[in-house]
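# Architecture at a glance
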Amino acid sequence: MSQYPWSHRRAKLKASSKQLNISGSGRHDKILGNRKSNVLSGGKGDDILDGRGGKDVLTGGPGADFFVISSGQDQITDFNPSEGDQIVHRGSDQILRFPVNGGTLITTLDRTISTSVANAKPDQISLQSQQRLNPSVKAVFESGDSVRLESAESDFQQSLGMMRREALPRRRGMMFPQSKPQKKSVYMFNCLAPLDLLFLNDGEIVDLSAETPICASSDPKECPLYESRRPFDNWIELRSGSIDRFDLSIGSQVDLIAL
């Protein structure tokens, strides 16, 4: 994980309505494009580059850089996993990855997203991908405490889960709604920080796993599986220690309120 996670303070460089060529500094910059076709280049720091719309060229430079997948036909020129570079998804329901010309094409069936990544194979992209969804649900516990949750709804979003994310803030989490009550295994492959897991059925905690450790293996088949003893229609992932902090137990009720 980068020494400077996503939440680290960054200088924000934002394109105007014109097509621009924007370069970062030696600090940790967040560089935002617009609907035009921009050229965004990071500096020596750990940068966030988001081209937004248009046909953008994204070059991170040295450091652990975050390339945000946006609409349009973008090019990522220097994706380097050894430096800690990551691909960040901000809400796509479904993503496909294809090998092309020695690199990878990240796209959707409707082609609203079409990002080419030079000199990186699809399996490298998969291992270095994370998602950052906007919180859309508030979970309120019997103690009166509450947390804001990102909601991973599609199969693609649920497959990414909390992979490659640094430790969550105390009042943030992610939920995974299911179409019907079922038993389903959860593992901690490619996660960077331990998590507390809550398994819910109709708003009641039916099982939980406190301080669930990460899996250090590079083979997901070697990762332990965590499964509720009873069917569940939702599970929630919280910062490690939340179960004790919010006095949660089997049988506790959780109210889920849309934001």
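Residues numbered from 1 in each chain as written. Predicted model: local features only at pLDDT ≥ 70, side-chain atom pairs only at ≥ 80, totals over all residues. Heavy atoms only, no water.

## Describing the overall build of the protein chain
Scanning the protein chain from terminus to terminus reveals 3 helices and 20 strands. Its C-alpha atoms give the protein chain a radius of gyration of 19 Å, near enough to 18 Å, the size a compact globule of 259 residues would have. Expressed along its principal axes, the backbone C-alpha trace of the protein chain runs to roughly 55 × 35 × 35 Å. In the protein chain, the proportion of contacts linking residues at least 24 apart, taken out of those at least 6 apart, comes to 50%. The average position of the 32 basic charges and that of the 32 acidic charges among the side chains of the protein chain differ by 7 Å. (Helix = DSSP H or I, 4+ residues; strand = E, 2+ residues; numbered from the N terminus. Rg over C-alpha atoms; globule rule 2.2 N^0.38 Å. Contact = heavy atoms within 4.5 Å. Lys, Arg positive; Asp, Glu negative; His and termini not counted. Charge placed at Lys NZ, Arg CZ, Asp CG, Glu CD.)

## A short note on the sheet that holds strand β10 (residues 96-100)
Here 7 strands make up an open sheet; going across it, the order is β2-β4-β6-β8-β12-β11-β10 and the pairing mixed. Of all the strands in the sheet, the pair left with one neighbour each is β2 (21-23) and β10. Geometrically, the sheet is characterised by an average inter-axis angle of 15 degrees between neighbouring strands, direction not taken into account. Here strand β4 (residues 39-41) runs beside strand β6 (residues 57-59); their pairing, made up of 3 bridges, is parallel. Following the sheet pairing, Val-39 is matched in β6 by Val-57. (Pairing = 2+ DSSP bridges. Axes fitted to C-alpha atoms, helices over the stretch in contact; angles between N-to-C directions.)

## Digging into the nonpolar core
Counting 18 residues, the largest nonpolar core has Phe-67, Ile-76, Phe-79, Ile-87, Ile-106, Val-117 and Ile-125 as the members making the most contacts within it. Put simply, the parts of the chain that give this core at least two residues each are β7 (66-69), β12 (113-117) and α2 (155-160). Leaving out residues up to four positions away in the same chain, Phe-79 has contacts with Phe-67, Asp-85, Gln-86, Ile-87, Val-117, Ala-120, Ile-125 and Gln-128. (Core = buried A, V, L, I, M, F, W, Y, C linked by side-chain atoms within 4.5 Å. Buried < 20%, exposed > 50% of the residue type's maximum accessible area, 1.4 Å probe, protein only.)

## As for the state of the cysteines
The tally for this structure, following the rule as stated, stands at 1 disulfide. Sulfur-sulfur distance for the disulfide between Cys-215 and Cys-223 comes to 2.2 Å. Taking the sign of the torsion about the S-S bond as the criterion, the disulfide between Cys-215 and Cys-223, at about -85 degrees, is left-handed. Owing to a relative accessible area of 11%, Cys-215 belongs among the buried residues under this scheme. Here Cys-191 is not cross-linked by a disulfide; its sulfur's nearest cysteine counterpart is in Cys-223, at 8.7 Å. Looking at Cys-191, the relative accessible area reads 9%, which means it is buried. (Disulfide = S-S within 2.5 Å.)

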